[in-house]
Amino acid sequence: MDDWFAAQVERHGPDIHAYLSRRTADGVADDLLGDVWVAAYGGRAGFDPNLGTPRAWLFGVARHVLHGHYRKHRLRSTMARVIGIDRPADETAAIDARLDAAALAPQLRAGLRSLPTAERDLLLLVAWENLSPTEAAQVLGIPAGTARSRLHRARQRMDERLSGSAQVVDETTRQEADR
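Residues numbered from 1 in each chain as written. Predicted model: local features only at pLDDT ≥ 70, side-chain atom pairs only at ≥ 80, totals over all residues. Heavy atoms only, no water.

Novice: I tried to follow the packing of aromatic side chains on my own but got confused; where do I start?
Specialist: In this description, an aromatic ring pair is defined by two values, namely the gap between the centres and the angle between the planes. Throughout the structure, instances matching the rule amount to six aromatic pairs. With centroids separated by 5.2 Å and ring planes inclined at 25°, the aromatic side chains of Trp4 and Phe47 adopt a geometry described as stacked. In this pair, Trp4 sits in helix 1 (residues 2–21) while Phe47 sits in the loop between helix 2 (28–42) and helix 3 (54–83), placing the two residues 43 residues apart along the sequence. Residues Phe47 and Trp57 carry aromatic rings whose centres are separated by 5.3 Å and whose planes lie at 50° to one another, so their mutual orientation is tilted. Note that Phe47 is positioned in the loop between helix 2 and helix 3 and Trp57 in helix 3, a separation of ten residues in sequence. Each member of the pair, Phe47 as well as Trp57, is classed as buried. An aromatic cluster is present here, built from Trp4, Phe47 and Trp57 joined pairwise through their rings. Across the ring face of Tyr41, the terminal group of Arg44 is positioned such that the distance to the ring centre comes to 3.6 Å. (Phe/Tyr/Trp six-rings, centres within 6.5 Å; stacked < 30°, edge-to-face > 60°. Helix = DSSP H or I, 4+ residues; strand = E, 2+ residues; numbered from the N terminus. Buried < 20%, exposed > 50% of the residue type's maximum accessible area, 1.4 Å probe, protein only. Lys NZ or Arg CZ within 6 Å of the ring centre and 35° of its normal.)

Here is the structure:
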């Protein structure tokens, strides 16, 4: 089992690190990755290959560690506010800085925030982490059919939200090309 685990770390480590990096401020992902490996190693006996892939299982562990990190972060922020210390920077700033579609960043952020949490988590696992809907379903602990339905709804909502923005970007691009 230890050789199996080492192979999973080697194979999926970069993807798990990228997942954590896109969701945290600089430098935090390295620490959280260590927490993921400790948690996964401790729970490796509970991995059931009949329930899904090792990759999806590891993303589930990473998601759990990330949620724990943000729970602690919110608690620290609340305590700091109560005792009068300045509040730390917004944790979504690191995510915003990594958006590829710079011209659509404000609309994309608003669209993602407007999605229900379940749809947003699913969409990000499929779009950013390149998980299949079935693997994302395993990470989220939901049936694959439910994941496909939520993914379809999330994509429709994002398409509706961004459809007018794409025209603005096209017009801006044409104006810059004319200069």
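Still to come is the rest of the account.
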